[in-house]
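Tertiary structure, described
So the chains spell out like this:
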Amino acid sequence: MSYLLKGAHVVDPQVGLDGVADVLLDGSTVAAVGEGLAAPEGTEVVDCASKYLVPGLVDMHVHFRDPGFEYKETIETGSRAAVHGGFTDVATMPNTDPVTDTGAEVRYQIDRARHAGLCHVRPIGALTTGEKGQQLAEIGDMVMEGAVAFSDDGHGVQSAGMMRTCMEYVSQFDRVVSAHCEVESLTTHGVVNEGRASTRLGMFGWPALGEELEIYRDIELARVTGCALHVAHISTEKGLDLVRAAKAEGLPVTCEVTPHHLFLSEDDITDAYDTNLKMNPPLRRASDAAALVEGLLDGSIDCVVTDHAPHAPHEKDCEWEIAFFGIVGLETSLPLMLTNLVLPGRMSWSRLVEVMAVNPRRVLRLEPVRLEAGSPADLTLIDPARSVTITPDYLQSRSKNSAWLGATLTGVATDVFVSGRRTMTNGTLTPVPRVLR
């Protein structure tokens, strides 16, 4: 199938594009980019006037719960949420059941994603067997089957010696270690940011030091091992300063931030105890959120991710202390970025593309996607003027635990092309006629 995307505002900082152009897709690749392109016979013409066309968005930190917790999410329902949010690629964390710690589990996820035929699923393998932090997982086996990175997300590797072993081994395969930075001896029982929030709400606090101390440790281990380190879901100003200093030294360190750590803070948690505001790491001070926004704008933060964490109603509709951590985010990430940063003029479209499409591919060592002939046809079309109200019915995810239920946001993805196939058309998911390659 071929498509001519006519009159889109094309943005791709990789090739210096930021203006109106036509884009011709032929099969799984971009055939041409230019003005006044003619549609070959049999080509479907898509009117893209007033819309933005960008390289396909990538979320390099999601939880699809499959296998083991399919009552929360499956590869298919997670893929539906991803495409609905404008993503062509997602990287899945390994805390499944069984844990993704061998090549067989990596292959399972890739095969299920191909069967769903909606987006590219890029499995992240565990660093240690069972994510228990005691024995090195089958790193080489997982690389051979397609693992794009390695992490013990949800726990973090508590032993510095074990983390050094992991990083030394992963570095041999040109992969990145995505570090969940948490010193559990400091965060035990913590359910909200330590300080004003924990005092005001009368709950056990989760100190910022519990994150920052391990960021420091892992940066030093990156220095020793030479392994590429990616700091997951950074949430504090001091943690960001540590990453900035590492980058200034030329160390192979990158980091990511979530929309909820950018646009929410501990002040949003009221005595209503809305458990959709219970996160790991927790919502921090308003000053931390402001510092993270500035870090995103000035280039210190490399990627925006969702940490998409679906949970069943009974796991959230309960007392705060026992509620599960995390929220779904795939379908609100782009609208939140547009509503809060791009449309008000604080962030350029080019910078948005860098943090949501270009940099995640670079960190994960994926093939670049560019708006130029010969590139893979993984593209996202965005209507910056379309508004949506976030309701449970709007969410394609199997779980509905969003912090933005009831919010009206402006700017959404309307069409998604994955390997040249239109997997979403004007906001509606396209039926799947075949598996993706």
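Before any of the text, the structure's been laid out above.
Because the structure is a prediction, the values reported are computed rather than measured. (Residues numbered from 1 in each chain as written. Predicted model: local features only at pLDDT ≥ 70, side-chain atom pairs only at ≥ 80, totals over all residues. Heavy atoms only, no water.)

Okay, the overall build of the protein chain next. Along the backbone of the protein chain there are 13 helices and 19 strands. In terms of C-alpha radius of gyration, the protein chain reaches 21 Å, essentially the compact-globule figure of 22 Å for 437 residues. Projected onto the principal axes, the alpha-carbon positions of the protein chain cover approximately 65 × 45 × 45 Å. In the protein chain, the proportion of contacts linking residues at least 24 apart, taken out of those at least 6 apart, comes to 74%. When the accessible area of the protein chain is evaluated, it comes to approximately 15900 Å², of which 50% is carbon and sulfur surface. Looking at the protein chain, you have 36 positive and 60 negative side-chain charges, and the mean spots of the two groups are 2 Å apart. (Helix = DSSP H or I, 4+ residues; strand = E, 2+ residues; numbered from the N terminus. Rg over C-alpha atoms; globule rule 2.2 N^0.38 Å. Contact = heavy atoms within 4.5 Å. Areas by Shrake-Rupley, 256 points an atom, 1.4 Å probe, with all protein chains shown as cover. Lys, Arg positive; Asp, Glu negative; His and termini not counted. Charge placed at Lys NZ, Arg CZ, Asp CG, Glu CD.)

It is worth spelling out the sheet that holds strand 9 (residues 149-150) at this point. In a beta sheet, neighbouring strands pair by backbone hydrogen bonds and run either parallel or antiparallel. With parallel pairing, the eight strands of this open sheet are ordered in space as 6-7-8-9-10-13-14-15. Pairing within the sheet leaves two strands with one partner each, and these edge strands are strand 6 (57-62) and strand 15 (303-304). Contacts between helix 7 (residues 209-225) and the sheet are confined to strand 10 (176-179), strand 13 (228-231) and strand 14 (253-257), with strand 13 contributing the most and set at about 165° to the helix. (Pairing = 2+ DSSP bridges. Axes fitted to C-alpha atoms, helices over the stretch in contact; angles between N-to-C directions.)

Each neighbour pair has its own omega, and for Asp97 with Pro98 the value is 5°, a cis peptide bond. Residue placement: Pro98 occurs in the loop between strand 7 (87-92) and helix 2 (103-116). Along the chain, Asn280 connects to Pro281 via a cis peptide bond; the corresponding omega equals -5°. Mapped onto the elements of the fold, Pro281 is located in the loop between helix 9 (259-263) and helix 10 (286-297). A positive phi angle, close to 50°, is found at Asp174, a residue other than glycine. In this structure Asp174 comes out as partly exposed when scored by relative accessible area, which is 46%. (Buried < 20%, exposed > 50% of the residue type's maximum accessible area, 1.4 Å probe, protein only.)

Together, Leu186, Leu209 and Leu213 line one region of the surface with nonpolar side chains, adding up to about 240 Å² of accessible area. With respect to the secondary-structure elements, Leu209 resides in helix 7. When its relative accessible area of 43% is taken as the criterion, Leu209 is described as partly exposed. (Patch = residues over 30% accessible without salt bridge, like charges linked within 9 Å, V, L, I, M, F, W, Y side chains within 5 Å. Salt bridge = Lys/Arg side-chain N within 4 Å of Asp/Glu carboxyl O.)

Moving on to the layout of surface pockets. A volume near 520 Å³ is recorded for the largest pocket. Along its surface, the largest pocket is lined by 25 residues, and Arg65, Asn95, Gly154, Asn280 and Phe325 are the ones closest to its centre. Here the lining of the largest pocket is built from residues that sort into six nonpolar, 11 polar and eight charged. (1 Å grid on protein atoms, 1.4 Å probe; cavity = no way out; pocket = protein on both sides within 12 Å on 5 of 7 lines; lining within 4 Å. Points joined across faces, edges and corners; volume = space filled by probe spheres on them. Nonpolar A, V, L, I, M, F, W, Y, C, P; charged D, E, K, R; others polar.)

Time to look at helix 13 (residues 349-363). With 15 residues, helix 13 extends 20 Å between its outermost C-alpha atoms, agreeing within 8% with the 21 Å of an ideal straight helix rising 1.5 Å per residue. If you look at helix 13, its biggest bend is around 40°, right at Val355. Of all 15 residues in helix 13, 13 are buried, a share of seventy percent or more. Once helix 13 finishes, Arg365 follows within two positions and takes phi at roughly 60°, a positive value. (Expected span 1.5 Å × (residues − 1). Bend = angle between axes of the 7 residues up to and from the residue.)

Attention now goes to the side chain of Asp152. For Asp152, the location among the structural elements is in the loop between strand 9 and helix 4 (160-170). No salt bridge forms around the buried Asp152; measuring N to O, its nearest opposite-charge neighbour Arg217 is 9.2 Å away.

One finds Val90, Ile234, Leu296, Met337, Leu352 and Met356 to be the most contacted residues of the largest nonpolar core, which totals 75 residues. The dominant element in this core, judged by the number of residues it contributes, is helix 13, at seven residues. What Met337 contacts, discounting residues up to four positions off in sequence, is Leu262, Phe263, Leu296, Val304, Val342, Met347, Leu352 and Met356. By size, the runner-up hydrophobic cluster in this structure holds 23 residues, among which are Leu201, Ile327, Val388 and Ala407. (Core = buried A, V, L, I, M, F, W, Y, C linked by side-chain atoms within 4.5 Å.)

Among the five residues of strand 18 (residues 421-425), four are classified as buried, and the element is accordingly described as predominantly covered. Linkage of strand 17 (residues 408-418) to strand 18, two consecutive antiparallel strands, is achieved through a turn of two residues, within which Ser419 is found at a positive phi near 50°. Pairing between strand 18 and strand 19 (residues 428-429): two bridges, direction antiparallel. Bridging from a neighbouring strand, Thr425 pairs with Thr428 of strand 19. In sequence, strand 18 turns back onto strand 19 through a hairpin of two residues, with Asn426 there showing a positive phi of about 50°.

Moving on: the pattern of salt bridges. In this structure the tally under the stated criterion is 25 salt bridges. A salt bridge links Glu249 to Arg223; its shortest N-O distance comes to 2.6 Å. Of this pair, Glu249 sits in the loop between helix 8 (237-248) and strand 14 while Arg223 sits in helix 7, and the two are 26 residues apart along the sequence. Note that Arg362 is salt-bridged to Asp302, the shortest N-O span being 3.7 Å.

Counting buried positions along strand 7 gives six out of six residues, so the element sits mostly inside the fold. Where strand 6 meets strand 7, four bridges bridge the pair, whose relative direction is parallel. Along strand 7, the bridge assignment pairs Leu57 with Phe87.

Right, let's talk about the state of the cysteines for a bit. Applying the stated criterion across every chain, the model contains zero disulfides. The thiol of Cys227 is unpaired, and the distance to the nearest cysteine sulfur, on Cys166, comes to 9.3 Å. (Disulfide = S-S within 2.5 Å.)

Here we come to the side chain of Thr380. Topologically, Thr380 is positioned in strand 16 (residues 379-389). When its relative accessible area of 0% is taken as the criterion, Thr380 is described as buried. Within the structure, the side chain of Thr380 is placed 3.3 Å from the backbone nitrogen of Leu57, a separation counted as a polar contact. At 2.8 Å, the side chain of Thr380 forms a polar contact with the backbone oxygen of Gly86. When near neighbours in sequence (up to four residues on either side) are disregarded, Thr380 contacts Tyr52, Leu53, Val54, Pro55, Gly56, Leu57, Gly86, Thr88, Ala413 and Asp415. (Polar contact = N/O pair within 3.5 Å; in protein donor to acceptor, adjacent residues only side chain to side chain.)

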